[in-house]
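# Tertiary structure, described
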Amino acid sequence: MWRTVQSNRTERLFEAFARDISSPPPDPLEPETVVVQDMGMARWLTHRLAVTAGVAANIRFLVPADLVRTVYGAWLGLEIQPESWSRPVLTWHIFRHLPDFLDREEFADLRRYISEDPLGLKAYQLAERIAAVFDRYLVYRQEMLLSWEDGNGEGWQPVLWRRLAEAIGEPHQARLHQQFRKAAGGGRAPERPEALPRRVSLFGVNHLAPVHLEVFVRLASQLPVTLYYPNPSGAYWGDVETEKQRIRREARTGAPTSAFADDANPLMGSWAQSGKFFFDSLQKIHEETEALEEDLFEEPAPASLLGCVQHDIFHLADGRPKDPDAKQPLSGPDASIQVHACHSPMREVQALHDRIAWMLDHLPDLAPEDIVIMAPDIDVYAPYVEAVFGTRDDPRIPWNLSERKAPLEDPLLEKILEMLSLPRRRLTASDVLSLMETPAVAARFDLTPDDLARIRTWVRETGIRWGLDGERKKQWGLPADPANTWQMGLDRLFAGYALPPREIFCGRILAYPHVEAAWAECLGKLQDLLDRIAFWQETLKEAHPPSRWQELLNRLLDDFFHPEGEWEGSLRSFRRALDRFRGFADLAGMTEPVSVQVVQAHLGALLDSAPSIRRFLSGGVTFCNLVPMRTIPFRVVCLLGMNDSDFPRMDHPPQFDLAARDPQPGDRLRNREDRFLFLEALLSARDVFYVSYVGRDIRDDSERVPSVLVSELLDYLDGSRVLSDGRPPSADIVVRHPLQPFSRRLYDGSDPRLFSYDRQWLEAARTEERDETPPFFPGHTDPGNHTGTSQTVTPAQAGVHTVPEVNLEDLVRFFENPSRWFLEKALGMTPYREEDPIQDEEPFTVAGLDRYRVETDIFQAVLDGRDPEETWELLRARGVLPQGAAGKVVFRDTFRAMEEMAERAREWAGTSRKAVEVDLDLGSVRLRGWIPQVTERGLMQVRPAKIKGKDRIRLGIRHLAL
């Protein structure tokens, strides 16, 4: 028996569902079978059942396709292998068989596309696209596939499909449905009725493929099937039209079809098109069968703006009066519908945090668990959510983030996939350092934080840039020069370990002088890591069968990642993906060698296809993806990223997709689904419906428009309501946030719609308001003093004490940088000194600080009278000069310039350059120190650079002391 329970409130549907399954089954061990379109809905049902009944157990949640296969198998007496025609297996079959047809005329376009593809990656990607299209045909174009198998059809697709059907051998869904329809339509009972569940509940489903709906209706002749249908309206809405459809109809017929259609709610007409086919199909079922129907509708109370919109949708009424003067007035502020325009996704999340804090303060009994935040792609917003909700304490709002793609959520999975690119990577300094700083890799090689810091210093100071050694540079079409490679750096380090601690040549290798004996173990770990990288870079270049790839990649995990620790789950996830990769390839009979690029693409797709929902509804505010058929009710529903270019999303089917060329009723179209999804989100909100989008360009502040769905909602509100001062409601509903979170507008109360709870930005806003920067060390340091007043501080209070003696160099350093001196001497702080960045490119020229160092070294060598060839070899071995002839040209020109400078210095200095001791009694303090480079003509300071302020300060002070 088919039964439909429908309501506009998911809560009422749940109550009916809980009541229906409360009757105990004859077999207490038999699971309750519940069909859902989304496992997020399954999690919500489990939670609600546990709360209401005290326990939720022995419930089998299935997606429609899983139950359909069960029904086919039970009715036809078959053991169906669900993986035989799965998309990954289909991909491998197509990849395997496609080359057999490329010489045929029908496949000319495909042949041109995958030409010049030695690695097979383009062929695999094409196979993926074809498999996705064929998988869609199996559900929505079954008659076409069966016709192809009978020898009909033109082009390359029927030819390839017939080969696949022959190669796989197992009956596919289209063939199974044909046999099922024949058996069930002929009155044949299921051959294995014990394989069917006792009853079936379809919860929250508002779309089914036509063939799936047919299976469930026929199944209802054998057992109770109940559909808990979220129906947005209590009226018939199967004939609602978009504005464009209405205009076309009137142009075609010359008159409206019915007054009802013209007066229907425009939001339903625009947003509900995706659900019309399923809604009409249900009406047809109830007209043609003895199906039962139970209505549990609950009329929304028009007590707020959100309630008014939901009320209009429920009654399918157009709240816009014909007379513009007859609009309903809004008596006071209404925060039930909010639209926020920001300058960036980061500002969207910052504004959201403040609004949630406000709602938790002002909405009675609202808890973080009553709030959901959805986005078209939650991975785009995940970093900003973690940065804002994970750090702000004013107030701290508990939250959970779910449904992220596994490699984006788990850095280790991303790192493992990245390692499969070793044959194509230049192995830059950053590449290898990033790998060894991965916690699982550091643990595997027993690298401590001190080891990692030391290796980073070695890399910077030995001139390592990229490439394992000179020979491997050949694959990039370059000479086999070892300069700036990892091998050159290791040679310098090992020479420095074995030789005295100074720069000494061992052959053509220049020893690195800063390797202590205690660091030998660290050096050995680095060598071990690079040896394994070299081995796997060569191994991954070769093509292997999938079975061999599974073995090799499991070995790779063992070689690079410690098996125990917080990353165990990540390694298990990747090993499971390897098992699935091997299993899919085996089912397709794929024994031919494939490149690592193909393996990487397949594993990446497997990991991306299974976003984790383990954190969904796990406590706190829920962040998740905006997905169809998730009509879970929340008191507050927030949508991020409602930008014009991002939502509703558009389908981009390949040109050969025949289903996209000729859409049929019941097809799933992304644009229409997103419109219906927006409607579901609006109807799921109980207190507040919140929308945000990037409404201003972050660079030039130009205006950006929101999603067309947001504009339609605002247009509807403006057409049906009016503020007390005559302005449209959108004037209050749309809040335009400032660019910066410390804008004074958020704190000065000039616009009551703008506010912030963040105390950190408040201080910045106060500074902006005073239009001055407060002193760094303004006054009283007592933590109990919160007056914000500034007090005079004596040197003793600041920790600065008078001393009887001052060192001359300390005096020079003070005047060169008073702030740094104060931090170090008075406050005992060591200012952060940023390290030189790691360079990944060999030097093509010498500029900036590198140029200054090279010129200084050459200048000193000229002053010391060293041989130019010796200086050239020294700089070449350090890896600071460009390679080849370019390096010689740079050295020659620089050497000539330094010779001229040294000659001028000698002219000014005469023959005597010595240090002079200073000991001056200045009354309350004695000044002592040494002044270097005092010549016969006086004090001289020489360096190959432009004269800067600190040079003048240093010379001036030393001159006065001299």
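Residue positions within a chain follow its written sequence, with the count starting from 1. Local features are withheld for residues below a pLDDT of 70 in this predicted model, meaning they are given only at 70 or higher, and side-chain atom pairs are given and counted only at 80 or more; totals for whole chains, interfaces and linings count all residues. Just so you know, side-chain values use all the structure's heavy atoms and leave hydrogens and water out.

As named in an unreviewed UniProt entry, the protein is DNA helicase/exodeoxyribonuclease V, gamma subunit, taken from Desulfacinum infernum DSM 9756.

## Description of the confidence of the model for the protein
Taken over all residues, the pLDDT of the protein has a mean of 89, while the share at 70 or more is 94%. pLDDT measures the predictor's confidence residue by residue and takes values from 0 up to 100. In this description, contact between two residues means that some pair of their heavy atoms is separated by no more than 4.5 Å. Within the model, pLDDT remains below 50 along residues 779-790, and this stretch shows 6 contacts once partners closer than five positions in the same chain are excluded.

## Examining the side chain of lysine 276
A helix here means a DSSP run of H or I that spans at least four residues, while a strand means a run of E at least two residues long, and both kinds are numbered starting from the N terminus. You can see lysine 276 is positioned in helix 14 (residues 273-288). Categorising residues by exposure relies on relative accessible area from a 1.4 Å probe, with only protein chains included: less than 20% of the type maximum marks a residue as buried, more than 50% marks it as exposed, and the intermediate range marks it as partly exposed. Positive: Lys, Arg. Negative: Asp, Glu. His and the chain ends are not part of the count. The salt bridge criterion pairs a side-chain nitrogen of Lys or Arg with a carboxyl oxygen of Asp or Glu, the two atoms within 4 Å. For the buried residue lysine 276, which engages in no salt bridge, the nearest side chain bearing the opposite charge is aspartate 280, 6.3 Å off. Discounting residues that sit within four places of it in the chain, lysine 276 has contacts with Trp237, Gly238, Asp239 and Val240.

## Observations regarding the packing of aromatic side chains
Stacked, tilted and edge-to-face are the three classes applied to pairs of Phe, Tyr and Trp rings, where Trp contributes its six-membered ring and a pair requires centres within 6.5 Å; stacked means planes under 30 degrees apart, edge-to-face means over 60, and tilted covers the rest. Overall, the coordinates contain 37 aromatic pairs when judged by the stated rule. Considering the side-chain rings of phenylalanine 203 and tyrosine 228, the 5.7 Å spacing of their centres and the 35° angle between planes classify their relative orientation as tilted. Of the two residues, phenylalanine 203 sits in strand 4 (residues 200-203) while tyrosine 228 sits in strand 5 (residues 225-230), which places them 25 residues apart along the sequence. We note that phenylalanine 203, like tyrosine 228, is buried. Members of the aromatic cluster, joined through ring pairs, are Phe14, Phe17, Trp44, Phe203 and Tyr228. Ring-over charges, as used throughout, are those where CZ of Arg or NZ of Lys falls within 6 Å of the ring centre and within 35 degrees of the ring normal. Note that lysine 122 overlies the ring of tyrosine 113, its terminal NZ or CZ placed 5.2 Å from the centroid.

## Some points on the nonpolar core
We define the nonpolar core as a collection of buried residues of types Ala, Val, Leu, Ile, Met, Phe, Trp, Tyr and Cys that are connected through side-chain atoms lying within 4.5 Å of one another. Judged by nonpolar contacts, the single largest core of 97 residues is most densely connected at Trp2, Leu45, Phe203, Phe678 and Phe689. Those domain boundaries reflect an automatic or database domain assignment. Two domains each donate at least three residues to this core, and these are domain 1 (2-80 + 182-299) and domain 3 (320-403 + 615-737). Counting 96 residues, the second-largest nonpolar core is a separate cluster that includes Leu90, Ala429, Leu435 and Leu447.

## Examining the packing of helix 3 (residues 64-76) against helix 9 (residues 173-185)
Where helix 3 contacts helix 9, the two axes come as close as 10 Å, and the packing angle between them is 50°. As judged from the angle between their axes, helix 3 and helix 9 are oblique. As for the relative orientation of helix 3 and helix 9, their crossing is left-handed in sense. In this structure, helix 3 contributes Val71, Tyr72, Trp75 and Leu76 to the contact, and helix 9 contributes Gln173, Leu176, His177, Gln179, Phe180, Ala183 and Ala184. By residue class, the composition of the contact of helix 3 with helix 9 is 8 nonpolar, 3 polar and no charged. Here an angle of 0 to 180 degrees is reported between the N-to-C directions of two axes, which are lines fitted to C-alpha atoms, with helices fitted over the stretch in contact. Each angle gets one of four labels, with under 35 degrees taken as roughly parallel, over 145 as roughly antiparallel, 65 to 115 as roughly perpendicular, and the rest as oblique. Take the far helix as your reference; a near helix turned counterclockwise from it by less than a right angle gives a left-handed crossing, and one turned clockwise gives a right-handed crossing. Three categories are distinguished: nonpolar for Ala, Val, Leu, Ile, Met, Phe, Trp, Tyr, Cys and Pro, charged for Asp, Glu, Lys and Arg, and polar for the others, with Gly belonging to the last.

## Regarding the pattern of salt bridges
A pair can form between side chains of opposite charge whenever their charged atoms are brought close. Following the criterion strictly, the structure yields 74 salt bridges and no others. Residue glutamate 503 is joined to arginine 492 by a salt bridge in which the shortest nitrogen-to-oxygen separation is 3.9 Å. Of this pair, glutamate 503 sits in the loop between helix 23 (486-498) and strand 11 (505-506) while arginine 492 sits in helix 23, placing them 11 residues apart in sequence. A relative accessible area of 2% places arginine 492 in the buried class. Ionic pairing is found between glutamate 816 and arginine 954, a salt bridge with its closest N-O pair at 2.6 Å. Of this pair, glutamate 816 sits in helix 33 (residues 808-816) while arginine 954 sits in helix 38 (residues 949-961); the two residues are 138 residues apart in sequence, bridging distant segments of the chain. By relative accessible area, which is 16% here, arginine 954 ends up buried.

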